[in-house]
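An overview of the molecular structure
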Amino acid sequence: MNVRQTLLQTAEFLGLNRRARHRTRRRLLGLCYHGVVAQAGPSDDARTRIAVTVSQFEAQMRELRRHWTPVSSEQIVKAIAGEAPLPDRAVHVSFDDGYRNNLTVAAPVLARYEIPATVFVTSGFLDTKKPLWPLEAHERLTVWPRPRVRYSPDEPPFSIFIRKFAPPDSPERSEQVLAFVDAAKTLTPPQREKFLAVLRTETMLDVSPSWKRELYDALDWSDLPELSRHGIEIGAHTVTHPNLTRLSKAEQRYEIETSREKIERALGPGSRCVSFAYPFGSSRDYSDEVVETVRELKFRLAFTLEERRNTETLDPFHIHRICIHRELTHPSFLSLISGLRNT
């Protein structure tokens, strides 16, 4: 165990996390997951970081049930409307994108600990049954055979693509791939398709290993009512998971509204989808115009991924969340959610 983990365990033993939980007790904690998997996959593979293992998730949900009060999106809406205040140490659990493991692996754990949650669905992901485009790019860049990727090197931020690739399966390649995919998040949809077309010219997409299928497989539309029966709300997350700031107002509206319409049809008559999560979710990935589009479409809540706790006075279109990844140890998780340390 390294020094950092020893210090974090000592903080828990000395009650520092407990004191921090008390200090932040009136500030809603939002947690964002992507997947929960039974098959861990290679521990040193960056692709696996998007999903926690079921043992990690169980330990984390046990902790939330012990020291926090899990709340639903509906409770957050009522609190903002002044109908009923949130309890102390309120926490909201959510999942982005719409992976099938949300139903098969995560939902039974949530039910066991009676924790409500929201799954934000990218509707085009469910339609195509292909890996979500950032994951496809990650897969293809991992095995890219040439020293460089030639794609619009004159366009920032793609000057990075003229750098020489490290060998496949090296830690340096893994870091480069993460940087490339992060840069690709700023692309417009036509640029994104051009970029993916370049990657597809010389790579095969192999998602046949069982750990990859569990990691990448999308929900079926017929799974959404089943999630609802587990007490899990379904929220919208656009059609194609674009950076909304790179779209026109009309394109923003199409992405957001169409996603909601498909969700409501899948859930059946009388169902309403009232929550939205901004794709990628950092402050660079949505704008005042995007927020106004969400507001105009009559959503009640919109969630970010700004990696910080909410203030005591909640803004319904800026509900902040902290993303939970595989490499987060349990002492780090305890310290992070308590508010003892920043993300």
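Quick note: structure is the one above.
Summarised in this report is the structure supplied together with it. Computed from a prediction, not measured in an experiment: that's the story for all the values here. (Residues numbered from 1 in each chain as written. Predicted model: local features only at pLDDT ≥ 70, side-chain atom pairs only at ≥ 80, totals over all residues. Heavy atoms only, no water.)

1. Points about the overall build of the protein
Rules: Comment: elements are numbered from the N terminus, with helices defined as DSSP H or I runs of at least four residues and strands as E runs of at least two. Computation of the radius of gyration draws on C-alpha atoms, with the globule rule given as 2.2 Å multiplied by the number of residues to the power 0.38. The buried label goes to any residue with under 20% of its type's maximum accessible area, the exposed label to any with over 50%, and the partly exposed label to all in between, with areas taken from a 1.4 Å probe on protein chains only. We call two residues in contact when some of their heavy atoms are within 4.5 Å. Residue burial considers only the protein chains on display, and all accessible areas are found by Shrake-Rupley using a 1.4 Å probe.
Within the protein, the regular secondary structure consists of 14 helices and 10 strands. Since a compact globule built from 343 residues should have a radius of gyration of about 20 Å, the 20 Å found for the protein is in line with a globular shape. Judged by the C-alpha coordinates and their principal axes, the protein covers about 55 × 50 × 35 Å. Taking all 343 residues of the protein together, the buried fraction comes to 54%. In the protein, the share of contacts with a sequence separation of at least 24, taken over all contacts with a separation of at least 6, comes to 73%. Summed over its atoms, the accessible surface of the protein is roughly 15400 Å², and 51% of this surface lies on carbon and sulfur atoms.

2. Quick look at the layout of surface pockets
One water molecule sets the probe size; rolling that probe over the atoms shows where empty space is left. Quick note on the threshold: A cavity here means a set of points on a 1 Å grid, drawn over the protein atoms and nothing else, where a 1.4 Å probe fits but cannot get out; a pocket is an open set with protein on both sides within 12 Å along at least five of seven lines, and a residue lines either one if it has an atom within 4 Å of a point. Grid points are joined across faces, edges and corners, and a volume is the space filled by probe spheres set on the points.
Space inside the largest pocket adds up to approximately 690 Å³. Around the largest pocket, the lining comprises 26 residues; the ones closest to its centre are His-34, Arg-49, Lys-185, Phe-280 and His-325.

3. Brief notes about helix α5 (residues 101–112)
For clarity, the threshold we go by: Take the residue count of a helix, subtract one, and multiply by 1.5 Å to get its expected span.
With 12 residues, α5 extends 16 Å between its outermost C-alpha atoms, agreeing within 8% with the 16 Å of an ideal straight helix rising 1.5 Å per residue. Three or more residues of α5 are buried, namely Asn-101, Asn-102, Leu-103, Val-105, Ala-106, Ala-107, Val-109 and Leu-110.

4. So, the packing of aromatic side chains
Filter applied, for reference: Within 6.5 Å between ring centres, the rings of Phe, Tyr and Trp (the latter by its six-membered ring) count as paired, and their orientation is classed by plane angle as stacked under 30 degrees, edge-to-face over 60, tilted in between. Remark: a charge is flagged as sitting over a ring if the NZ atom of Lys or the CZ atom of Arg is within 6 Å of the ring centre and within 35 degrees of the ring normal.
The full count for this structure, using the stated rule, is 10 aromatic pairs. When the centroid spacing of 5.7 Å and the interplanar angle of 55 degrees are considered together, the rings of Phe-276 and Phe-299 count as tilted. With Phe-276 in strand β8 (residues 275–277) and Phe-299 in the loop between α13 (288–296) and β9 (301–303), this pair connects stretches of sequence that are 23 residues apart. The same class applies to Phe-276 and to Phe-299, which are both buried. An aromatic cluster of three or more residues is present, and its members are Phe-276, Tyr-278, Tyr-286 and Phe-299. Directly above the aromatic system of Phe-165 lies the positively charged group of Arg-173, at a separation of 4.2 Å from the ring centroid. A cation over a ring is seen here: Arg-260 above Phe-299, with NZ or CZ 4.5 Å from the ring centre.

5. Digging into the nonpolar core
Worth spelling out the cut-off: Nonpolar core, defined: a set of buried Ala, Val, Leu, Ile, Met, Phe, Trp, Tyr and Cys residues in which side-chain atoms within 4.5 Å join the residues together.
Residues Leu-31, Tyr-33, Phe-57, Met-61, Leu-64 and Phe-95 are the most contacted members of the largest nonpolar core, which totals 64 residues. Per-element tally for this core: the top contributor is α5, with 6 residues. Dropping the residues within four chain positions of it, Phe-95 is found in contact with Tyr-33, His-34, Val-36, Phe-57, Asn-102, Ala-106, Leu-110, Ala-117, Thr-118, Val-119 and Phe-120. Val-149, Val-181, Phe-195 and Leu-199 belong to the second largest nonpolar core, which has 16 residues in total.

6. What about unusual backbone geometry?
For Asp-169, which is not a glycine, the phi torsion comes out positive at approximately 65 degrees. Tracing the backbone through its elements, the reader meets Asp-169 in the loop between α7 (133–142) and α8 (171–184). Despite not being glycine, Lys-298 has its phi angle at roughly 70 degrees, a positive value. Tracing the backbone through its elements, the reader meets Lys-298 in the loop between α13 and β9.

7. Observations regarding the side chain of Ser-73
Basically, it comes down to this: Here a polar contact means two N or O atoms within 3.5 Å. Within protein one must be a hydrogen donor candidate and the other an acceptor candidate, and residues neighboring in sequence count only if both atoms are side-chain atoms.
Tracing the chain through its elements places Ser-73 in helix α4 (residues 73–80). Assessed through its relative accessible area of 2%, Ser-73 is described here as buried. A distance of 3.1 Å separates the side chain of Ser-73 from the side chain of His-92, its partner in a polar contact. When sequence neighbours within four positions are dropped, the list of residues in contact with Ser-73 reads His-92, Thr-118, Glu-233, Ser-275, Leu-301 and Phe-303.

8. Things to note about helix α9 (residues 189–200)
Cut-off, in case you're wondering: This arc is taken over the directions from the axis of the helix to the C-beta atoms.
Here α9 spans 16 Å end to end across 12 residues, near enough to the 16 Å set by a 1.5 Å rise per residue. Here α9 has its buried residues at Arg-192, Phe-195, Leu-196, Val-198 and Leu-199. The buried residues of α9 all sit within an arc of 155 degrees when viewed along its axis, so they share a single face.

9. Side note on the environment of His-92
In this fold, His-92 is placed in strand β5 (residues 90–97). In the structure, His-92 is positioned 93 residues away from Lys-185 in sequence and 26 Å away in space, judged by C-alpha atoms. Setting aside residues no more than four positions away along its own chain, His-92 makes contact with Leu-28, Leu-29, Gly-30, Leu-31, Val-71, Ser-72, Ser-73, Ile-76, Thr-118 and Phe-303. Reaching out from His-92, the side chain makes a polar contact with the side chain of Thr-118 at a distance of 3.1 Å.

10. A look at the environment of Ala-79
The residue Ala-79 is located in helix α4 in this model. Linking Ala-79 and Arg-21, residues 58 residues apart in sequence, is a C-alpha distance of 20 Å. Other than its neighbours up to four places away in sequence, Ala-79 contacts Ala-84, Pro-85 and Leu-86.

11. Focus on the packing of α7 against α8
Our working rule: Lines fitted to the C-alpha atoms define the axes, with helices restricted to the stretch that makes contact. Angles between their N-to-C directions range from 0 to 180 degrees. By convention the crossing between two helices is left-handed if the near helix lies anticlockwise of the far one by an angle smaller than a right angle, and right-handed if it lies clockwise. Following the grouping adopted for this structure description, the nonpolar residues are Ala, Val, Leu, Ile, Met, Phe, Trp, Tyr, Cys and Pro, the charged ones are Asp, Glu, Lys and Arg, and the polar ones are all others, Gly among them.
Direction vectors running N to C along α7 and α8 enclose 145 degrees, while the axes themselves pass 9 Å from each other. The hand of the α7/α8 crossing is right-handed. Contact with α7, carried on its side by Trp-133, Pro-134, Ala-137, His-138, Leu-141 and Thr-142, involves Arg-173, Val-177, Leu-178, Phe-180, Val-181 and Ala-184 of α8 and no other residues of that element. Among the residues making up the contact of α7 with α8, the classes are represented as 9 nonpolar, 2 polar and 1 charged.

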